[in-house]
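In case you want the letters, here they are:
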Amino acid sequence: MKQAVIVGVPMDLGAGRRGVDMGPSAIRYARLHEAIRALDYDVLDLGDLEVPVVETLKKNGGAPGGLHHLEPIRSTCEALARELSVLDDAALPVVLGGDHSISMGSVRGVQRGRTGLIWIDAHADFNTPETSPSGNIHGMPLAALLGYGDDRLVGIGGGVPLEPQDVVLVGVRSVDPGERELLQQAGVTVYTMKEIDRMGVPTVAANVIAQLERVERVHVSFDADVLDPTVAPGVGTPVPGGLTYREAHLLMELLSDAGIVTSLDLVEVNPILDEKNRTAEIVVELAASLLGKKIL
């Protein structure tokens, strides 16, 4: 039997708005375990990592350059990377956030040989301390994973940068000026909502699958704010004009059909801003589609 291993990271230290630390609980409450078990997975839940409470910390954590809470974020991501690195290669890790900075730990923890990354998000998360308008680290993890930014973030989990040709962003529609320049310099593939509108989800998915077919492992990092706020209101940084319910499911279904995904993040669910846990429920449905649930 296939095994899914769940790890929660209740952290909102990288975000500018509180609440995503409750995301792991909301996603579990939305019957994540039952949805995965229905797909013939054995589910092992390792519980939540211990994360400091923001009220016990100073705003910038003593970090130069205004990187808010750098040290507790770094140490939490290091702990996550260690926890995932010892899992059996056949297991499928499902990491529950928390803000998107946790992906610096999850990606490093699942990285084995040549690893591909599909970053499904309204935001590029490609800032560095020099380009970030806020100093919030949840806007920096993807840049760090490719070797850009503060060395303490780049070095998490051994710090082997991903290859730009093995990274694809999907659903982007909010990019800071400095990110735009760095993304172009890095040479990663980006499918904005313009490309999705013009090409359609099937073509975008086919291109992503073809680009990553030669890597050994593929990690999907799914940020709930890629969905349109009318679909998923419970996110910290909503941006109008996102994926519809069916577009998101189709993307997940096509990635599932390709059989390339070996690990998954589900991040940025904010129950405080949600309506009766609706966003967490949709995220669980999408995870099920990615892991093999079919209409027929």
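One structure accompanies this document, and this report is about it. Since this is a predicted model, take the numbers as computed values, not measurements.

### A word on the side chain of Ser-256
Phase 1: Examined against the element boundaries, Ser-256 turns out to sit in helix H10 (residues 245–258).
Phase 2: A polar contact is formed between the side chain of Ser-256 and the backbone oxygen of Leu-290, at a distance of 3.4 Å.
Phase 3: Leaving out residues up to four positions away in the same chain, Ser-256 has contacts with Ser-289, Leu-290, Leu-291 and Gly-292.

### Side note on the sheet that holds strand S4 (residues 115–120)
Phase 1: An order of S2-S1-S3-S8-S7-S4-S5-S6 is seen for the 8 strands of this open sheet, with the pairing classed as parallel. Two strands close off the open sheet at either side, each with one partner strand: strand S2 (41–48) and strand S6 (189–192). Adjacent strand axes in the sheet meet at a mean angle of 15° when their direction is disregarded.
Phase 2: Pairing of strand S1 (residues 2–9) with strand S3 (residues 92–97), which is carried by 6 bridges, proceeds in the parallel orientation. Among the inter-strand pairings, Val-5 is bridged to a residue of S3, identified as Pro-93.
Phase 3: Together, S3, S4, strand S7 (217–223) and strand S8 (263–267) form the strand contacts of helix H4 (residues 103–110), whose direction differs from that of S7 by roughly 165°.
Phase 4: H10 contacts S4, strand S5 (167–172) and S7 of the sheet and is inclined by roughly 165° relative to S4.

### Let's talk about the packing of aromatic side chains
Phase 1: The tally for this structure, following the rule as stated, stands at 1 aromatic pair.
Phase 2: Centroid distance Phe-126 to Tyr-148: 5.9 Å. Interplanar angle 55°. Geometry classified as tilted. With a gap of 22 residues between them, Phe-126 in the loop between S4 and helix H5 (141–145) and Tyr-148 in the loop between H5 and helix H6 (151–154) connect regions that are remote in the sequence.
Phase 3: Taking the relative accessible area as the measure of exposure, Phe-126 reaches 0% and is therefore buried.

### Things to note about the layout of surface pockets
Phase 1: Size it by volume and the largest pocket reaches roughly 230 Å³.
Phase 2: His-123, Asp-125, His-138, Gly-139 and Asp-176 are, among the 17 residues lining the largest pocket, the residues nearest its centre.
Phase 3: Volume-wise, the second largest pocket comes out at about 160 Å³.
Phase 4: Along its surface, the second largest pocket is lined by Lys-2, Gln-3, Tyr-41, Ala-90, Leu-92, Ser-256, Gly-259, Ile-260, Val-261, Leu-290 and Leu-291.
Phase 5: Looking at side-chain class alone, the lining of the second largest pocket contains 7 nonpolar, 3 polar and 1 charged residues.

### Some thoughts on the environment of Ser-101
Phase 1: Looking at the element boundaries, Ser-101 is found in the loop between S3 and H4.
Phase 2: For Ser-101, a relative accessible area of 0% gives the class buried.
Phase 3: Through-space distance from the C-alpha of Ser-101 to that of Val-267 is 9.2 Å; in sequence the pair is 166 residues apart.
Phase 4: Of the polar contacts made by the side chain of Ser-101, one reaches the side chain of Asp-99; its length is 2.3 Å.

### Digging into the pairing of S8
Phase 1: Of all 5 residues in S8, 5 are buried; the element is thus mostly enclosed.
Phase 2: Residues Ser-263, Asp-265 and Val-267 point to one face of S8 and Leu-264 and Leu-266 to the other, with burial holding for every one of them.
Phase 3: Bridge analysis of S3 against S8 gives 3 bridges, and the strand direction is parallel. Across the sheet, the residue bridging to Leu-96 is Leu-266, located in S8.
Phase 4: Pairing analysis gives 5 bridges linking S7 to S8, with the strands arranged parallel. When the bridges of S8 are listed, Val-220 appears paired with Leu-264.

### Notes on the environment of Lys-294
Phase 1: One can find Lys-294 in the segment after helix H11 (278–290).
Phase 2: Sequence separation between Lys-294 and Leu-46 is 248 residues, and the spatial gap between their C-alpha atoms is 27 Å.
Phase 3: There is a polar contact of 3.1 Å between the side chain of Lys-294 and the side chain of Asp-257.

### Considerations on the packing of H10 against H11
Phase 1: Where H10 meets H11, the axes come as close as 7 Å, and the angle between the chain directions of the two elements is 30°. The pairing of H10 with H11 is recorded here as roughly parallel in orientation. Across the interface between the two elements, Tyr-245, Ala-248, His-249, Met-252, Glu-253, Leu-255 and Ser-256 from H10 touch Ile-282, Glu-285, Leu-286, Ser-289 and Leu-290 from H11.
Phase 2: Split into classes, the residues belonging to the contact of H10 with H11 amount to 7 nonpolar, 3 polar and 2 charged.

### Here's the deal with unusual backbone geometry
Phase 1: Residue Gly-98 is bonded to the preceding Gly-97 through a cis peptide linkage, with omega at 15°.
Phase 2: Within the element layout of this structure, Gly-98 appears in the loop between S3 and H4.
Phase 3: One non-glycine residue, Asp-40, adopts positive backbone phi at about 70°.
Phase 4: Positionally, Asp-40 belongs in the loop between helix H2 (32–37) and S2.
Phase 5: Judged by relative accessible area, Asp-40 falls into the exposed class, the value being 53%.
Phase 6: Positive phi, close to 55°, is recorded for Asp-125, a residue that is not glycine.

About the cut-offs
Residues numbered from 1 in each chain as written. Predicted model: local features only at pLDDT ≥ 70, side-chain atom pairs only at ≥ 80, totals over all residues. Heavy atoms only, no water. Helix = DSSP H or I, 4+ residues; strand = E, 2+ residues; numbered from the N terminus. Polar contact = N/O pair within 3.5 Å; in protein donor to acceptor, adjacent residues only side chain to side chain. Contact = heavy atoms within 4.5 Å. Pairing = 2+ DSSP bridges. Axes fitted to C-alpha atoms, helices over the stretch in contact; angles between N-to-C directions. Phe/Tyr/Trp six-rings, centres within 6.5 Å; stacked < 30°, edge-to-face > 60°. Buried < 20%, exposed > 50% of the residue type's maximum accessible area, 1.4 Å probe, protein only. 1 Å grid on protein atoms, 1.4 Å probe; cavity = no way out; pocket = protein on both sides within 12 Å on 5 of 7 lines; lining within 4 Å. Points joined across faces, edges and corners; volume = space filled by probe spheres on them. Nonpolar A, V, L, I, M, F, W, Y, C, P; charged D, E, K, R; others polar. Parallel < 35°, antiparallel > 145°, perpendicular 65-115°, else oblique.

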